[in-house]
Amino acid sequence: MKKKESYEIQKGLGIRTRRIIAYIALVLVSFLCLFWFYVLFINATRSHADLTKGFSPVPGTQLLENWKNLLAGTLPVWNGLLNSFIVAALSAALSTYFSTMTAYAIHTYEFKLKKFMFTFIMMIMMIPSQVTALGFLQLVGKMKLEDSFIPLIVPTIAAPITFFYMKQYMESTLPLSLVEAARIDGSGEFRTFNTIVLPLMKPAIAVQAIFTFVTSWNNYFTPALILHDDKKKTLPILIAQLRAADWLKFDMGQVYVMIAFSIFPVILVYLFLSKHIVQGVALGSVKG
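Reading the values: the criteria
- Residues numbered from 1 in each chain as written.
- Predicted model: local features only at pLDDT ≥ 70, side-chain atom pairs only at ≥ 80, totals over all residues.
- Heavy atoms only, no water.
- UniProt positions renumbered as here; feature names shortened; annotations may be inferred.
- Patch = residues over 30% accessible without salt bridge, like charges linked within 9 Å, V, L, I, M, F, W, Y side chains within 5 Å.
- Areas by Shrake-Rupley, 256 points an atom, 1.4 Å probe, with all protein chains shown as cover.
- Salt bridge = Lys/Arg side-chain N within 4 Å of Asp/Glu carboxyl O.
- Helix = DSSP H or I, 4+ residues; strand = E, 2+ residues; numbered from the N terminus.
- Buried < 20%, exposed > 50% of the residue type's maximum accessible area, 1.4 Å probe, protein only.
- pLDDT = per-residue confidence, 0-100.
- Contact = heavy atoms within 4.5 Å.

If you look the protein chain up in an unreviewed UniProt entry, it shows as Carbohydrate ABC transporter permease from Candidatus Acetatifactor stercoripullorum. Its UniProt record, at the heading Sequence similarities (unreviewed entry), says of the protein chain: "Belongs to the binding-protein-dependent transport system permease family." The UniProt entry for the protein chain carries this comment under Subcellular location (unreviewed entry): "Cell membrane".

Structure representation (structure tokens):
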């Protein structure tokens with residue numbers, strides 16, 4: 001009995017020690033992730049003269065002044081916000097919807113080129129966008145789509161990474177018997193996909209929508225090649241222009257304010273979609 005009790009005590013201490021180590025690691029990682037946001041928002045409240053003196057953990061009093069100076073400049077900040085939101089929101093919606101549809105087709109249908117199509121999509125995923133940028137830019141010029149959002153939105157429909165994630169998630173959550181039962185009940189393919197498959201895929205769609213939205217929101221390379229009109233430019237381009245100002249007009253406080261301003265929509269999108277992720281995890285634990 002004594003040996004058993006001592007074993008139980010040692011086992012309990014081991015579990016408690018592992019929990020403490022895990023909590024310490026989580027606190028450390030959280031601190032490292034959030035510290036830079038803290039630095040950003042602190043610097044947004046300081047003037048250019050204060051920022052040149054070095055870092056200070058105490059917030060400044062120049063937040064409103066930096067914001068007024070930013071809006072008083074020549075950069076169309078509100079237009080940039082709207083442009084970025086339109087491109088990022090439509091890219092996230094179209095990418096997740098059509099990637100899920102493609103994954104559904106390869107997951108449920110049987111055809112000769114099924115394995116080849118999956119391999120081909122994975123091969124495309126390995127090609128960086130910089131390699132095809134020149135040809136893409138020439139195509140956009142020939143189609144006269146410069147200063148348009150279409151070249152920034154339509155190509156995101158073909159998203160191999162999103163497709164792969166959806167395909168892997170679908171294999172664990174969408175049994176083929178459920179699709180067959182819907183077909184037997186007379187449900188069409190589009191109705192089955194929109195009313196049965198999409199609700200089951202909500203957690204995966206929420207995750208990929210967040211990733212796609214953030215990627216499109218932060219994208220500088222492609223919009224900088226296509227958008228030339230200041231009123232059509234997205235926030236990353238405007239931030240780059242603000243940072244590239246000559247030393248007489250350069251104001252680090254305005255740069256930090258604009259970066260902080262550009263982060264808020266991303267945080268709001270995450271807070272809106274994160275509930276679906278939590279619901280999906282909770283549902284999976286209940287099923288397990």
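Engineer: Looking at this model, I keep getting lost on a nonpolar patch on the surface. Mind explaining?
Structural biologist: Judged by side-chain polarity, Y109, F111, L113, F116, M117, F120 and I124 come together as a nonpolar surface patch covering roughly 620 Å² of accessible area. Looking at the secondary structure, you find Y109 in the loop between α4 (77-108) and α5 (114-125). Overall, the relative accessible area of 30% leaves Y109 in the partly exposed class.

Engineer: I would appreciate a short explanation of unusual backbone geometry in the present structure.
Structural biologist: When glycine is set aside, most residues are seen to have a negative phi, and most peptide bonds are trans. Backbone geometry at K144 places phi at a positive 55°, although glycine is not the residue there. Structurally, K144 is set in the loop between α6 (133-142) and α7 (150-153). The phi angle at D147 is positive, at roughly 60°, despite the residue not being glycine. You can see D147 is positioned in the loop between α6 and α7.

Engineer: Help me out: how do you make sense of the pattern of salt bridges in this one?
Structural biologist: Any two side chains of opposite charge can pair, on the condition that their charged atoms come close. This structure, assessed with the given rule, holds 5 salt bridges. Among the salt bridges present, the one from K114 reaches E110, with a minimum N-O distance of 3.2 Å. Where R183 meets E180, a salt bridge forms, and the shortest distance between an N and an O atom there is 3.2 Å. Highlighted residues: R183 and E180, both in helix α9 (residues 176-184), separated by 3 residues, approximately one helical turn. R183 sits in the partly exposed class, given a relative accessible area of 25%.

Engineer: Would you mind showing me how to read the confidence of the model for the protein chain here?
Structural biologist: Interpretation of this model should avoid reading the predicted coordinates in detail wherever pLDDT is low. Averaged over the protein chain, the pLDDT score is 84; the fraction of residues at 70 or greater is 90%. When the criterion is pLDDT under 50, residues 282-288 qualifies, and its contacts beyond four places in sequence or with other chains add up to 0 contacts.

Engineer: I tried to follow the environment of T212 on my own but got confused; where do I start?
Structural biologist: Among the secondary structure elements, T212 is positioned in helix α11 (residues 202-218). Sequence-wise, T212 and T162 are 50 residues apart; in three dimensions their C-alpha atoms are separated by 8.4 Å. Those residues in contact with T212 that lie beyond four places of it in its chain are S91, A92, S95 and T162.

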